[in-house]
Amino acid sequence: MATRNSPGSSASDMKQQLLDKARARRTRPANTQSNDEDIFAHKSASPLEISDDFVRFDRQPGYQQLSMMQQAGAAFGVPEPFFRVHEGCAGATTRIEGRELVNFASYNYLDYSRHPEVVKAAADAAAHYGTSVSASRAVSGERPIHQQLEAAVARTYDVEDAVVFVSGHATNVSTLGYLLGPKDLILHDEWIHNSSLVGAQLSGARRMPFAHNDPDALEALLRAQRGKFERVLIVTEGLYSMDGDVPDLPRLIALKQKYRCWLMVDEAHSFGVLGERGLGLREHYDIAARDVDIWMGTMSKTLSGCGGYIAGCKELVSMLRYFAPGFLYSVGMPAQVAAPSLKILELLQGDDARQRIARLHAVSGYFLKRARALGLDVGDSLGVAVVPVILGSSLVAARLSNQLFEAGFNVQPILHPAVPEKSARLRFFLSCEHTEAQVDAVLDTLMQQLSNIKAGL
């Protein structure tokens, strides 16, 4: 954990000063001035004499924060770890800057994105339908493959219907933004994904977080608030991508039934990963899919495409098809993006898929066990696909990421403000193609480099 005098504190303090200054500017009354700068160039300025703060992008808080982060990294000799270019398919290994690295930064959990049948499905779809459907589906972008994919998602979840969106992020934004309104309440886990937060804000509904994976905290909110609102939606994730842990789904179902709410589960990382057949959180807990009102998932992880889906009852899906802006006003999903996901839903029914899932569970569990034995903080990770190593300092996390990269391992850091400074971490994504030898090698290297950092080397 970074302390006031630790290497990680300087950059954090600089960022906090910038954020405090930006906040002061936003909350300052329009007819007052500060010692630092005037909102207008002069008290008697004409409307055209507006401060550069409001017209120059380099004066915007976001850009200034980014600049300070980059300057702090340069001052401490830590190259920026983001936007590295992968030169081929990224799975358990990848190629960056002409070097092959062991890759722990990919959602390609079951290694399907280069499976010959999946690649062929994409190529055949592009050859038949072209590279774009060239319109929203409601107008003239509808294709048979869209309907086939949605029917396959619905069958997989054992629900009545499903609808696919061209963006996973927009799936949550548009669904929550459409379904809820100012008289409603959204209760969400405090660590819910940004897409759900933005959707909640768009809806105009009241939004209240509850402590992470704490059903008792959720029930306290329901007990106090349920009677004040019309519709209430509880939102959770199937597998939390920052921590690799799962919610108590049976308890959440009991609460939503008791207080007459809707329950939405974001399965972006849990579908294809949890359960022996990869059916997600419902298989993990052996519950009926229809006990959850709204299932959300993405095509970009196990399903090796791009976009998102909502699965549930036919009334829910019909409303979204006709009224959700992110679906209605977006071009239809390209056929070559839909086809891989459709093919993988078919493959998931076979024995090879079960073997891939079993290998993923085994190597993920090995990583978790070995990391704990080394004394690393892995939080409450379940040890399936996602395992964090919590370091408590953004600077340490960035340094370790760079040192691992130089040693032949691609591992991404998660830094403040994406997480609190005390929770800065390296995040490891495991694939069914990773080996125990690769896990041993990266953890041994991490421990050696962490020892060097603590020794001031």
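Residues numbered from 1 in each chain as written. Predicted model: local features only at pLDDT ≥ 70, side-chain atom pairs only at ≥ 80, totals over all residues. Heavy atoms only, no water.

### Observations regarding the pattern of salt bridges
Under the counting rule described, the total for this entry stands at 24 salt bridges. A salt bridge links Asp 124 to Lys 120; the nearest nitrogen and oxygen atoms lie 2.7 Å apart. Of this pair, Asp 124 and Lys 120 both sit in helix H3 (residues 116-129), four residues apart, which is roughly one turn of the helix. Here Asp 124 falls in the partly exposed class, since its relative accessible area comes to 40%. With a relative accessible area of 53%, Lys 120 lands in the exposed category. Arg 137 serves as the salt-bridge partner of Glu 150, at 2.7 Å between the closest nitrogen and oxygen. (Salt bridge = Lys/Arg side-chain N within 4 Å of Asp/Glu carboxyl O. Helix = DSSP H or I, 4+ residues; strand = E, 2+ residues; numbered from the N terminus. Buried < 20%, exposed > 50% of the residue type's maximum accessible area, 1.4 Å probe, protein only.)

### Regarding the sheet that holds strand E13 (residues 425-429)
Taking strand neighbours across the sheet as the criterion, the three strands line up as E10-E13-E12 in an open arrangement whose pairing is antiparallel. Here the strands that pair on one side only, and so sit at the sheet edges, are strand E10 (386-390) and strand E12 (412-414). Between one strand and the next, the sheet's axes are offset by a mean angle of 35°, whatever the strand orientation. Across five bridges, the pairing between E10 and E13 is antiparallel. Among the inter-strand pairings, Val 387 is bridged to a residue of E13, identified as Phe 428. (Pairing = 2+ DSSP bridges. Axes fitted to C-alpha atoms, helices over the stretch in contact; angles between N-to-C directions.)

### Examining the pairing of strand E6 (residues 232-237)
With six of its six residues buried, E6 lies for the most part within the structure. Side chains Val 232, Ile 234 and Thr 236 of E6 all project onto a buried face; the interleaved residues Leu 233, Val 235 and Glu 237 project onto the opposite face, where all are buried too. As a crossover connection, the stretch from E6 through helix H9 (residues 249-258) into strand E7 (residues 262-266) is right-handed. (Right-handed = clockwise from strand over helix to strand, strands pointing away.)

### Looking at the environment of His 361
Mapped onto the fold, His 361 is located in helix H14 (residues 351-373). His 361 sits in the partly exposed class, given a relative accessible area of 26%. In this structure the C-alpha to C-alpha distance between His 361 and Cys 432, which are 71 residues apart in sequence, comes to 7.7 Å. Setting aside residues no more than four positions away along its own chain, His 361 makes contact with Val 273, Leu 274, Gly 275, Gly 383 and Val 384. (Contact = heavy atoms within 4.5 Å.)

### What about the environment of Arg 207?
Here Arg 207 is to be found in strand E5 (residues 206-210). When its relative accessible area of 34% is taken as the criterion, Arg 207 is described as partly exposed. Linking Arg 207 and Leu 187, residues 20 residues apart in sequence, is a C-alpha distance of 6.1 Å. Not counting residues within four places of it along the chain, the set of residues in contact with Arg 207 comprises Leu 185, Ile 186, His 188, Leu 197, Ala 200 and Gln 201.

### Concerning the side chain of Glu 150
Tracing the backbone shows Glu 150 in helix H5 (residues 144-157). Residues contacting Glu 150, with those up to four places away along its chain left out, are Arg 137, Ala 162, Val 163, Val 164 and Arg 321.

### What to know about the confidence of the model for the protein
Averaged over every residue, the pLDDT of the protein is 90; residues scoring 70 or more account for 89%. Across residues 1-12, where pLDDT falls below 50, the model places 18 contacts with residues more than four positions away in sequence or in other chains. Here residues 30-37 is a poorly scored stretch, pLDDT under 50, and it has 10 contacts once near neighbours within four places are set aside; other chains count. (pLDDT = per-residue confidence, 0-100.)

### A few points about the packing of aromatic side chains
Overall, the coordinates contain 12 aromatic pairs when judged by the stated rule. Relative to Phe 429, the ring of Tyr 109 has its centre 6.3 Å away and its plane inclined at 55°; by these criteria the two rings are tilted. One end of the pair, Tyr 109, is in the loop between strand E2 (99-103) and H3; the other, Phe 429, is in strand E13, with 320 residues separating them in the sequence. Residues Phe 367 and Phe 428 carry aromatic rings whose centres are separated by 4.8 Å and whose planes lie at 45° to one another, so their mutual orientation is tilted. Taken together, the residues Phe 367 in helix H14 and Phe 428 in strand E13 connect sequence positions 61 residues apart. By relative accessible area, Phe 367 is classed as buried at 0%. A residue is classified by how much of its surface remains accessible, and Phe 428, at 0% relative accessible area, is buried. Lying across the ring of Phe 405, Arg 84 places its NZ or CZ 3.7 Å from the centre. (Phe/Tyr/Trp six-rings, centres within 6.5 Å; stacked < 30°, edge-to-face > 60°. Lys NZ or Arg CZ within 6 Å of the ring centre and 35° of its normal.)

### Quick word on helix H16 (residues 436-454)
Taking 1.5 Å per residue as the helical rise, H16 with its 19 residues ought to reach 27 Å, and the 27 Å between its terminal C-alpha atoms agrees with that figure. Within the sequence span of H16, burial applies to Gln 438, Val 439, Val 442, Leu 443, Thr 445, Leu 446, Leu 450, Asn 452 and Ile 453. In the core, the buried residues of H16 are packed alongside strand E1 (93-96), E2, H14, helix H15 (394-406), strand E11 (409-410) and E13. Immediately downstream of H16, the backbone of Gly 456 shows phi near 80°, a positive value. (Expected span 1.5 Å × (residues − 1).)

### Things to note about the sheet that holds E1
One open sheet holds the three strands; their spatial order is E1-E2-E11, and the pairing between them is mixed. A strand with exactly one partner marks an edge of an open sheet, and here the two such strands are E1 and E11. Where E2 and E11 come together, two bridges link them in parallel fashion. Residue Asn 103 lies in a different strand from E11, and its bridge partner there is Asn 410.

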